[in-house]
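Commentary on secondary and tertiary structure
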Amino acid sequence: MKIRLLAVGLLAGGLASAASAQDVLRIATEGAYPPFNNVTADGELVGFDVEIAEALCAAMERNCEIVAQDWDGIIPGLVNDKYDAIIASMSITEERKQAIDFSAPYYSNYLSVVAADGTTATLEELAEVSIGAQRSTTGSQWAEDTYGSRADIRLYDTNPAAFSDLSAGRVETVVADFLPAAEWVSANQGFGFVAEKIDIADQIGIGVRKGEDALREDLNSAIEAIRADGTYQTISVKYFGIDIF
Amino acid sequence: MYQDLKFWVSDTICAGLSPLAGPLLGKACPRFIDGFLVTTELLALACGIGFFLAIALTFARMSGRTVLVWPAQVFVYVFRGTPLLVQLWIIYFGVGSLGEQGLGPFLWTFFKNPWLVGLLVLTLNTSAYVSEIFRGGLANIERGQMEAALSIGMPWLRAMRRIMLPQAIRIAWPAYGNELILMMKGSALISTITVMDLMGQTRTIFARNFDLNTYLYAAILYLVLAGCISAFVAVFERRFRHDTAR
């Protein structure tokens, strides 16, 4: 009897939490991708993606909870319902579209190749040197597709880890998205671009589970809304000095 | 050259497996086998070198000389008492961040290479565990044997090597086999320092196909490796049994 009561209590508790989970929109970001998303020393999530997520939530009039999730588990986590959306500077790719759906793009991305000053290798000769990149990114996949999967491509768990090996001199070049690369180059003397803006028609979108069309439509309208009222431009200028849409 | 040979081996294996692997693994097959070979190679080297390092460590710990006992004890305590992942990151990212200025050109050629750092850490880690296993084996051998050897004038080191250690290894062998399997599983962590071992390749393949079966295929390959290790351990175990039966 007691056990049954307990079971009913647990069930009711479970239902209640399921109901409240529907009200809160759970958003995942990586938290290791400055200046787009990063964790401060106090454990607070900050960055362009985080502020865009907050602005979108305000536009949709929904309560949001933003959590940090390691990059190479971020899509499986979405598919398994750990959260409802990914706002983490994720490029819209055909391969990812097999697993999840994307909102309309919220900014455009280019790839960059960074190396120490004095590096003579050109983009065509990159197959001869070591190339660092974050695993599971458009950068690493571009390198694999361009230079072959057996080129000396070193894959790191995070983007800063790749850059730290570049500054140690352990890896000769790093392929990364343009804006984080530009920030890193301006903060680190002695490094420059081998290629500044490689256009791979890369658009960044918000990942949602397949079939969640209502949420996707809401996010699309919210992106239009923050573009229309200037919130987006304010955030973009604050981080990059320009509108990166 | 050697790298090309390994690529050729995995291409050949994949070509041979193509009726079976083709539909399942497709383009990913050479990557899986590349990774499998890297893991196998690292394990064989780490466990081979680690075995002899472990013997040296065990001798140092049993020698009764403070200058040898203490460093060996501290080494074993540190490498047994910290996670392998922490050791990898301290030595790869931590020591590596000193760069060429901090480490000098000679050490830097070593620490620059993720494969060599992986090998170093795996070797040191396994030698600490294996030395503990050997120490356990030695503790099970009658002390009188050592005393007898010394009393007929045999030097300590030779008595250890010829009388004590062979018996200790026999006793410790099943535990040693277990350590080899644990090491195989632990080796998956070197994928975090950019070594393209089986786990590194698997994560890279998964990053493109988002097919959870990818991890299943990796598990099967790890099981194949575990089977080979078990068979290797069993062969020696049988030989040891013959030796003692005689």
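A few points on the structure. These figures come from a predicted structure and were not determined experimentally.

What follows is about helix H8 (residues 156-186) of chain B. Residues and elements named next belong to chain B. Over its 31 residues, H8 extends only 35 Å from the first C-alpha to the last, a length that falls short of the 45 Å expected when each residue adds 1.5 Å. Of all the bends found along H8, the most pronounced is centred on Trp173 and spans about 60 degrees, while Pro174, a proline, follows it within four residues. Taken together, the buried positions of H8 are occupied by Met160, Met164, Leu165, Ala168, Ala172, Tyr176, Met183, Met184 and Gly186.

So, on to the sheet that holds strand S3 (residues 37-39) of chain A. Residues and elements named next belong to chain A. In space, the three strands of this open sheet follow the order S2-S3-S4, with antiparallel pairing throughout. The outermost strands of the open sheet, each flanked by one partner alone, are strand S2 (32-33) and strand S4 (45-46). With two bridges joining them, S2 and S3 adopt antiparallel strand pairing. Across the sheet, the residue bridging to Tyr33 is Asn37, located in S3.

This part covers unusual backbone geometry. Residue and element names in this part refer to chain A. Cis geometry marks the peptide bond from Pro34 to Pro35, where omega comes out at 0 degrees. The topology assignment puts Pro35 in the loop between S2 and S3. Of note in the backbone geometry, Ser89 takes a positive phi value of approximately 55 degrees without being a glycine. In this fold, Ser89 is placed in strand S6 (residues 85-91). Its 24 C-beta neighbours within 10 Å are what place Ser89 among the buried residues.

Quick look at the interface of chain A and chain B now. With 18 residues of chain A at the contact, the number on the chain B side is 17 residues. Every element with two or more residues in the side of chain A that touches chain B is listed here: strand S10 (153-156) and helix H6 (159-168) of chain A. The greatest single-element share of the side of chain A that touches chain B, amounting to three residues, is contributed by S10(A). Its residues assigned to classes, the side of chain A that touches chain B shows five nonpolar, six polar and seven charged.

Residue and element names in this part refer to chain B. Interhelical geometry of helix H7 (residues 143-151) versus H8 gives an angle of 130 degrees and a closest axis separation of 10 Å. The angle between H7 and H8 falls in the class oblique. Note on packing geometry: the crossing formed by H7 with H8 is right-handed. From H7, Gln145, Met146, Ala149 and Leu150 reach across to H8, where they touch Trp156, Ala159, Ile163 and Met164. Each residue belonging to the contact of H7 with H8 can be placed in one class, and the counts come to seven nonpolar, one polar and no charged.

By size, the foremost hydrophobic cluster in this structure holds 38 residues, and its most contacted members are Ile27(A), Ala53(A), Leu56(A), Ala85(A), Ile86(A), Ile87(A) and Ile206(A). Every element with two or more residues in this core is listed here: strand S1 (24-29), helix H2 (48-60), helix H3 (74-79), S6, strand S12 (191-208), helix H8 (213-228) and helix H9 (231-240) of chain A. Residues within four places of Ile27(A) in sequence aside, it is in contact with Ala53(A), Cys64(A), Glu65(A), Ile66(A), Tyr83(A), Asp84(A), Ala85(A) and Ile87(A). Of all hydrophobic cores here, the second largest spans 35 residues; its members include Val121(B), Met196(B), Ala218(B) and Ile229(B).

The rules behind these values
- Residues numbered from 1 in each chain as written.
- Chains lettered and ligands numbered in written order.
- Predicted model: local features only at pLDDT ≥ 70, side-chain atom pairs only at ≥ 80, totals over all residues.
- Helix = DSSP H or I, 4+ residues; strand = E, 2+ residues; numbered from the N terminus.
- Expected span 1.5 Å × (residues − 1).
- Bend = angle between axes of the 7 residues up to and from the residue.
- Buried ≥ 20, exposed ≤ 12 C-beta atoms within 10 Å, placed from the backbone.
- Pairing = 2+ DSSP bridges.
- Contact = placed C-beta atoms within 7 Å.
- Nonpolar A, V, L, I, M, F, W, Y, C, P; charged D, E, K, R; others polar.
- Axes fitted to C-alpha atoms, helices over the stretch in contact; angles between N-to-C directions.
- Parallel < 35°, antiparallel > 145°, perpendicular 65-115°, else oblique.
- Left-handed = near helix turned anticlockwise from the far one by under 90°.
- Core = buried A, V, L, I, M, F, W, Y, C linked by C-beta atoms within 7 Å.

Function cannot be inferred from these measures alone, as they are strictly geometric.
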